[in-house]
Amino acid sequence: MEIIDGIATTNHNITRDIIFNGVWYFLPTVVTVPPLGLPTNALVIRLLLAKPGICSTSELFTLNLAILNMLFCLLLLIEYIRFLCHQTIETSNFLAWGLNQAGGPMMLCLLALDSYVAVCHPLVYIRLKQPKLRLLLCLVVDAIAAVCCGCVKFSAMFKWCVILVLQSINILIISTCNILILRSLRQSGPNRKEINPVKKRAFKIVLTTFVLVNVHYLPPIIEFLLRQFGPSFLKPFSVVTCVTSMILSMGSFIQPLSYLVRTKQLPKMKYICGSSTKTNTVATV
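Residues numbered from 1 in each chain as written. Predicted model: local features only at pLDDT ≥ 70, side-chain atom pairs only at ≥ 80, totals over all residues. Heavy atoms only, no water.

Asker: Help me understand the packing of helix 2 (residues 59-85) against helix 8 (residues 239-262), please; the structure alone is not making it clear to me.
Answerer: Helix-helix packing is described using two parameters, namely the angle between the two axes and the distance between the axes. Following both chains from N to C, one finds helix 2 and helix 8 inclined at 145°, their axes separated by 10 Å at the closest point. Between helix 2 and helix 8 lies a crossing of left-handed hand. Along the contact surface, helix 2 presents Glu-59, Thr-62, Leu-65, Asn-69, Phe-72 and Cys-73, while helix 8 presents Ser-249, Ser-252, Gln-255, Pro-256 and Tyr-259. Class assignment for the residues of the contact of helix 2 with helix 8 results in five nonpolar, five polar and one charged. (Axes fitted to C-alpha atoms, helices over the stretch in contact; angles between N-to-C directions. Helix = DSSP H or I, 4+ residues; strand = E, 2+ residues; numbered from the N terminus. Left-handed = near helix turned anticlockwise from the far one by under 90°. Contact = heavy atoms within 4.5 Å. Nonpolar A, V, L, I, M, F, W, Y, C, P; charged D, E, K, R; others polar.)

If you want it as structure tokens, here you go:
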């Protein structure tokens, strides 16, 4: 009986140490990402809602992505506070991770597909340019992200299998769109010297989505595979978990920031662009 009690006490101490480490491993992400992500995504949402006819453009996907990023930042804060109050293995499985890992890559994939169809199949793009279709696609992505959030609580392994499949499909689609738009860019204009601005903008969007998907969403999958098939000291939390969760979560700030930079909507950039325009006007006069 004493041996059984001793084993139970040892297991309890090990679990407590693991949970205590988890508190510190997630702390840098919680302290850094929500303060940066919430105002940036709020600015993107405000700018997009002010635009007329947004449901007929690809910016509807950007709007949905910004909303998902805001929900992620809020959920991350709420669930971390809950984790501090009730430190268990169950509360350490944040719903926010499923929302971010499923919703983000799929919305970036829709942006890449939209840009590819607009450049390479303009007639098809005009026929598909319907608000109902775009809203339906957004709802499907949100539903899949919600299912992945539920999988976090019920079966973490199944959630990771779903994420792995979705991630592979997203990378394949975005990479293909990248190659096809690049080929179209090379064939544009007389003597291939002039570049169509629409095609150039589409290529920038697809290239940005490709970089974001690979930089932010691949490291957590690699870390999961290392925890499953690697050394035991990586389970369930390690320094690698801290780094990969930070990289994953920073996507909710980098994605809206890339949109603001691309559209020149950052206050500082608007000021710089405005100053340079005035300078050029004076010089011309």
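Asker: Before we go on, may I ask you to explain the packing of helix 2 against helix 3 (residues 95-120) in this structure?
Answerer: One way to put it is that helix 2 packs onto helix 3 with a least axis distance of 9 Å and a crossing angle of 170°. Taken as axis vectors, helix 2 and helix 3 run roughly antiparallel relative to one another. Seen from helix 2, the contacting residues are Phe-61, Thr-62, Asn-64, Leu-65, Leu-68, Asn-69, Leu-71, Phe-72, Leu-75, Leu-76 and Glu-79; seen from helix 3, they are Leu-95, Ala-96, Trp-97, Leu-99, Asn-100, Gly-103, Gly-104, Met-107, Leu-108, Leu-110, Leu-111 and Asp-114. Residues belonging to the contact of helix 2 with helix 3 are distributed by class as follows: 15 nonpolar, six polar and two charged. (Parallel < 35°, antiparallel > 145°, perpendicular 65-115°, else oblique.)

Asker: Explain the pattern of salt bridges here, please?
Answerer: When the charged atoms of two side chains with opposite charge come close together, those side chains can pair. Summed over all chains, the structure comprises two salt bridges. A salt bridge links Lys-51 to Glu-59; its shortest N-O distance comes to 2.9 Å. We classify Lys-51 as partly exposed; its relative accessible area is 30%. (Salt bridge = Lys/Arg side-chain N within 4 Å of Asp/Glu carboxyl O. Buried < 20%, exposed > 50% of the residue type's maximum accessible area, 1.4 Å probe, protein only.)

Asker: Whenever I open this one, the nonpolar core confuses me. Can you help?
Answerer: Within soluble globular proteins, side chains that are nonpolar tend to cluster in buried spots. One finds Phe-72, Leu-76, Phe-94, Trp-97, Ala-102, Met-107 and Leu-108 to be the most contacted residues of the largest nonpolar core, which totals 62 residues. The set of elements that each furnish at least two residues to this core consists of helix 1 (2-49), helix 2, helix 3, helix 5 (131-154), helix 6 (156-186), helix 7 (197-229) and helix 8. Among the elements that make up this core, the one with the highest residue count is helix 3 (14 residues). Apart from residues lying up to four places away in sequence, Ala-102 is in contact with Ala-145, Cys-148, Ile-163 and Leu-166. (Core = buried A, V, L, I, M, F, W, Y, C linked by side-chain atoms within 4.5 Å.)

Asker: Hey, could you run me through the side chain of Glu-59 in this one?
Answerer: Here Glu-59 shows up in helix 2. In this structure Glu-59 comes out as buried when scored by relative accessible area, which is 13%. Side chain to side chain, Glu-59 and Lys-51 meet in a polar contact 2.9 Å long. Among all residues touching Glu-59, those that are not within four sequence positions of it are Leu-48, Lys-51, Ile-54 and Tyr-259. (Polar contact = N/O pair within 3.5 Å; in protein donor to acceptor, adjacent residues only side chain to side chain.)

Asker: Is there a simple way to think about the side chain of Thr-62 in this case?
Answerer: Note on placement: Thr-62 falls in helix 2. Discounting chain neighbours no more than four positions away, the residues touching Thr-62 are Val-44, Leu-48, Leu-111 and Tyr-259.

Asker: Is there a simple way to explain the environment of Ile-163 in this structure?
Answerer: You can see Ile-163 is positioned in helix 6. The spacing of Ile-163 and Gln-101 is 62 residues in sequence and 6.8 Å in space, taken between C-alpha atoms. Leaving out residues up to four positions away in the same chain, Ile-163 has contacts with Gln-101, Ala-102, Cys-148 and Ile-221.

Asker: Before we go on, may I ask you to explain a nonpolar patch on the surface in this structure?
Answerer: On the surface, Val-124, Leu-128, Leu-133, Leu-136, Leu-137 and Val-140 cluster together into a nonpolar patch covering about 440 Å² of accessible area. Secondary structure elements with two or more residues in the nonpolar patch: helix 4 (122-128) and helix 5. Among the elements that take part in the nonpolar patch, helix 5 stands out by supplying four residues, more than any other. Examined against the element boundaries, Leu-128 turns out to sit in helix 4. (Patch = residues over 30% accessible without salt bridge, like charges linked within 9 Å, V, L, I, M, F, W, Y side chains within 5 Å. Areas by Shrake-Rupley, 256 points an atom, 1.4 Å probe, with all protein chains shown as cover.)

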